[in-house]
Amino acid sequence: MVKHETADWPLEPGRDETMTGRLNGKTAVITGGTSGLGLETAKHYIAEGARVVVTGSNPQKIDTAVASLGNQAVGILADVRSRVEMAALAERVKDQFGGLDILFANAGLGNFVPVSHASEEAFDTQFDVNVKCVFNTVQALVPLMSKGGSVILNASGVHGKGMAGGSIYFATKAAVRSFARSFAAEFGEAGIRVNSLSPGLVMTPFMERTGNSAEELDGFGAQVVGIAPLNRLGQPEEVAKAAVFLASDESSYMTASDVVVDGGFMNV
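Presented here is an overview of the structure given in this document. (Residues numbered from 1 in each chain as written. Predicted model: local features only at pLDDT ≥ 70, side-chain atom pairs only at ≥ 80, totals over all residues. Heavy atoms only, no water.)

1. Considerations on the nonpolar core
- One finds Leu-103, Leu-141, Val-151 and Leu-153 to be the most contacted residues of the largest nonpolar core, which totals 35 residues.
- If you list the elements that add at least two residues to this core, you get strand 4 (73-77), helix 3 (83-97), strand 5 (102-105), helix 4 (120-141), strand 6 (150-154) and helix 5 (167-187).
- Aside from chain neighbours lying at most four places away, what touches Leu-103 is Val-29, Thr-137, Val-138, Leu-141, Val-142, Met-145, Ser-150, Val-151 and Ile-152. (Core = buried A, V, L, I, M, F, W, Y, C linked by side-chain atoms within 4.5 Å. Buried < 20%, exposed > 50% of the residue type's maximum accessible area, 1.4 Å probe, protein only. Helix = DSSP H or I, 4+ residues; strand = E, 2+ residues; numbered from the N terminus. Contact = heavy atoms within 4.5 Å.)

2. Some remarks on unusual backbone geometry
- At Ser-156, a residue that is not glycine, the phi angle is positive and equals roughly 75°.
- Relative to the assigned elements, Ser-156 resides in the loop between strand 6 and helix 5.
- Backbone geometry at Asn-231 places phi at a positive 55°, although glycine is not the residue there.
- Within the secondary structure layout, Asn-231 lies in the loop between helix 7 (214-227) and helix 8 (236-247).
- Residue classification places Asn-231 among the partly exposed residues on the basis of a relative accessible area of 48%.

3. Quick notes on the packing of helix 3 against helix 4
- The contact between helix 3 and helix 4 brings their axes to 9 Å, and the two run at 35°. In the crossing of helix 3 with helix 4, the sense of the turn from one axis to the other is right-handed. In contact with Arg-83, Met-86, Ala-87, Leu-89 and Ala-90 of helix 3, helix 4 contributes Phe-135, Asn-136, Thr-137, Gln-139, Ala-140 and Leu-141.
- Split into classes, the residues belonging to the contact of helix 3 with helix 4 amount to 7 nonpolar, 3 polar and 1 charged. (Axes fitted to C-alpha atoms, helices over the stretch in contact; angles between N-to-C directions. Left-handed = near helix turned anticlockwise from the far one by under 90°. Nonpolar A, V, L, I, M, F, W, Y, C, P; charged D, E, K, R; others polar.)

4. Quick look at helix 3
- Here helix 3 is 15 residues long and its end C-alpha atoms lie 21 Å apart, about the 21 Å a rise of 1.5 Å per residue gives.
- Within the span of helix 3, buried status applies to Glu-85, Met-86, Leu-89, Ala-90, Val-93 and Phe-97. Buried residues of helix 3 fall within an arc of 145° about the axis and therefore sit on the same side. Among the exposed residues of helix 3, those pointing more than 90 degrees away from its buried face are Val-84 and Asp-95.
- Elements that come into contact with the buried residues of helix 3 comprise strand 2 (27-30), strand 3 (51-56), strand 4 and helix 4.
- The backbone nitrogen of Val-84 has a side-chain oxygen 3.3 Å away, supplied by the residue at the start of helix 3, namely Ser-82. (Expected span 1.5 Å × (residues − 1). Arc of directions from axis to C-beta. Polar contact = N/O pair within 3.5 Å; in protein donor to acceptor, adjacent residues only side chain to side chain.)

5. Details of the packing of aromatic side chains
- This model, assessed by the stated rule, comprises 8 aromatic pairs.
- Judged by centre distance (6.1 Å) and plane angle (40°), the ring pair of Phe-112 and Tyr-169 falls under tilted. Within this pair, whereas Phe-112 is found in the loop between strand 5 and helix 4, its partner Tyr-169 is found in helix 5, the two being separated by 57 residues in sequence.
- Ring geometry for Phe-135 against Phe-183: centres 6.2 Å apart, planes inclined by 50°, an arrangement best described as tilted. Within this pair, whereas Phe-135 is found in helix 4, its partner Phe-183 is found in helix 5, the two being separated by 48 residues in sequence.
- Taken together through their ring pairs, the aromatic side chains of Phe-135, Phe-179, Phe-183 and Phe-187 make up a single cluster.
- The ring of Phe-265 carries the charged tip of Lys-161 above its face, separated from the ring centre by 4.8 Å. (Phe/Tyr/Trp six-rings, centres within 6.5 Å; stacked < 30°, edge-to-face > 60°. Lys NZ or Arg CZ within 6 Å of the ring centre and 35° of its normal.)

6. Describing the pattern of salt bridges
- All told, the structure shown has 4 salt bridges when counted by the stated rule.
- Here Arg-22 ties to Glu-48 by a salt bridge, and the two come within 3.2 Å at their closest N and O atoms. Placement of Arg-22 in the loop between strand 1 (4-5) and strand 2 and of Glu-48 in the loop between helix 1 (36-47) and strand 3 is noted, with a sequence separation of 26 residues between them.
- Using a relative accessible area of 34% as the deciding quantity, one classes Arg-22 as partly exposed.
- Residue Asp-79 pairs with Arg-81 through a salt bridge whose shortest N-O separation is 3.1 Å.
- Among the residues examined, Arg-81 registers a relative accessible area of 38% and is labelled partly exposed.
- Salt bridges sharing common partners tie together Arg-22, Glu-48 and Glu-250. (Salt bridge = Lys/Arg side-chain N within 4 Å of Asp/Glu carboxyl O.)

7. Describing the packing of helix 1 against helix 8
- The geometry of helix 1 relative to helix 8 is characterised by a closest axis approach of 8 Å and an angle of 55° between their N-to-C directions. In terms of orientation, helix 1 lies oblique with respect to helix 8. Remark: the crossing between helix 1 and helix 8 carries right-handed chirality. Contacts from Leu-37, Glu-40, Thr-41, His-44 and Tyr-45 of helix 1 reach helix 8 at Pro-236, Glu-237, Val-239, Ala-240, Lys-241, Ala-243, Val-244 and Ala-247.
- Among the residues making up the contact of helix 1 with helix 8, the classes are represented as 8 nonpolar, 2 polar and 3 charged. (Parallel < 35°, antiparallel > 145°, perpendicular 65-115°, else oblique.)

Rendered as structure tokens:
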């Protein structure tokens, strides 16, 4: 079951009709929305007029995130790997808002480990969080969406690359990219769009949780910067702006697509 919520659903279902934000009046759910790209996207969604529900796995981080987002955000502690908890989240969203317009399946983790040192636990953990959680999230929340709904899957800019030590993580993101194609085909008749968003290397707390040393991360960052034509790391707001585009009506004829925001790393 859902174990924590930061407030008693203070969000107002109505919005000021004079607002001109691209997401005015829409309701969004962002998994993994308490830090990094998820939190930055939540800020941009709210600035564009949306109500945002963020999920996470740490009660203190949820409280801190919601405090920074203001009264158009609410936080829920939910394990994205659990169908039970995601179903409970869906019920709360349905009870409060009656439906859902935007779903950003963003939660994930990554760890670089060579094949020779990869444990079964390391393999299972990454596939559980990066693949199973995306399926559970979509399965639970898409039934709340109607025509015009937008689903965004965080596929990462590595899903089309290969690199030593990245076999497990890269494969999980290739699976997410595949999900976007099949989900788009399945939900298209209902008018629901599904696209993947593939960020490049952006220095967020996600990188600190990879389990890799600072030296290893610095080496990976240097390798990415050396390949990417823009020769720099990305900024969270650059990815969040793409997430706004995919959530808005500006991308109304896009589905099954992959929006790559990685300085050119994957495509050269």
